[in-house]
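# Observations on the three-dimensional arrangement
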Amino acid sequence: MSQTPYASDEQRWAAVQQRDANADGVFYYSVRSTGVYCRPSCGARAALRRNVAFHDSREAAEQAGFRPCLRCKPDQPPLAERQRALVAQACRLIAAAGQVPDLDTLAAAVGVSRFHFHRLFKAHTGITPKAYAAAERTRRLQDGLAAAPSVTDAIYAAGFNSSGRFYAQSPGVLGMTPRAFRAGGSGAAIRFAIGASTLGAILVASTERGICAILMGDDPDALARDLQDRFPHAELLGAEPDYEQVVARVVAMVEAPGIGLDLPLDVRGTAFQQRVWQALRAIPAGSTVSYAELAERVGLPNGARAVAGACAANALAVAVPCHRVVRNDGALSGYRWGVERKAALLEREGAQCGAVEQQEEVLSEER
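These remarks concern the structure in this document. Since this is a predicted model, take the numbers as computed values, not measurements.

The rules behind these values
Residues numbered from 1 in each chain as written. Predicted model: local features only at pLDDT ≥ 70, side-chain atom pairs only at ≥ 80, totals over all residues. Heavy atoms only, no water. Helix = DSSP H or I, 4+ residues; strand = E, 2+ residues; numbered from the N terminus. Buried < 20%, exposed > 50% of the residue type's maximum accessible area, 1.4 Å probe, protein only. Contact = heavy atoms within 4.5 Å. Pairing = 2+ DSSP bridges. Axes fitted to C-alpha atoms, helices over the stretch in contact; angles between N-to-C directions. Salt bridge = Lys/Arg side-chain N within 4 Å of Asp/Glu carboxyl O.

## Overview of the environment of Thr-128
- As for its placement among the helices and strands, Thr-128 is situated in the loop between helix H5 (114–125) and helix H6 (129–145).
- Residue classification places Thr-128 among the partly exposed residues on the basis of a relative accessible area of 24%.
- The spacing of Thr-128 and Phe-272 is 144 residues in sequence and 9.6 Å in space, taken between C-alpha atoms.
- With sequence-adjacent residues up to four places away left out, Thr-128 is seen in contact with His-118, Phe-121 and Lys-122.

So, in structure tokens, the structure goes:
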């Protein structure tokens, strides 16, 4: 029969010495010489063992006459929980503000220093407060364009100080002019074509900025409907002979994903999604990372679930290689285009990389 962790005083003392955060909430310890009680993870100076007693609850420690430590605050929620609440409060303030609050205002509102707030916010969201505010402002604009009396009203209501400045950056924010976005893509020309590969049908679509969608599936008509649903009023231009060459290059990339794609991309998403997608493109062909590892790379150590959501939102199959992300145990998990396609892509990359290594060994021997 296995013993419960931290059941004995020896195990609890070892946890205190190691400042084991996993023991927080399981027990508390008091220090006779200072009259306080702490969490096991408390960063205060180590106490002598003879002065330490253990308690199963905060109430037991307080009934024994000890007061809560001012450093680890054992009478309040755990530090990580308090930090998450602080960041969530800041996010609500940003969402409710008509104008983007500056860093000092946000830090003062949640009761921490400017530097500490910036570090906490980025650690929990993966992006800076400024980037989050910009993404929130863009979301308000996208929601408001359909309902506001005019494009100008929507721009100012979303929190932009200058319509001229926004128009200069609108292609990068919306992928088209605000008026075209307001009309559901009306007037925006999107070229597309559907090709065939050994993994099924592939739809490739491009705006004037670059490829905006690479969709894979078994039903070509379903892929076309998916594209139309994205921009119901856009001018979809199909069957253009010169565009078939673009599709052929994408199909070649799917058949041999290790070669990559050197065509421009029109990547659209939130600031956090784009951060994740950029990290995906940095993963070498033939390699995989776990969702937890990818979260670490984008600066969000506890954000595996958020990273998985960004992968699922990716509309550029293979070009943004979310197929290179696997579970912590190395097993394949959900893939927007089907787990079977994910397995096939990884197998192809592995075979291609193996062939390249073999060729390099042969050339090295010949030299």
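More follows now that the structure is in view.
## With respect to the sheet that holds strand E7 (residues 210–217)
- The strand order E7-E6-E5-E8 describes an open sheet built from 4 strands, whose pairing is mixed. Strands with a single pairing partner mark the edges of an open sheet, and in this sheet they are E7 and strand E8 (235–238). Between one strand axis and the next, the sheet turns by 25 degrees as a mean value, whatever way the strands run.
- In this sheet, E8 lies alongside strand E5 (residues 189–197) in parallel orientation, the contact comprising 4 bridges. Note that in E8 the partner of Phe-192 across the bridge is Gly-238.
- Contacting E5, strand E6 (200–207), E7 and E8, helix H10 (residues 220–230) crosses the sheet at an angle of about 25 degrees to E6.
- Sitting on the sheet, helix H11 (residues 244–255) is in contact with E5, E6 and E7, with an inclination near 45 degrees to E5.

## Digging into the pattern of salt bridges
- A complete count under the given rule lists 10 salt bridges for this structure.
- In this structure, Glu-59 engages Arg-58 in a salt bridge whose closest nitrogen and oxygen atoms are separated by 4.0 Å.
- Exposure remark for Arg-58: the relative accessible area of 27% places this residue in the partly exposed category.
- Here Glu-240 makes a salt bridge to Arg-191, at a shortest N to O gap of 3.2 Å. Of this pair, Glu-240 sits in the loop between E8 and H11 while Arg-191 sits in strand E5, and the two are 49 residues apart along the sequence.

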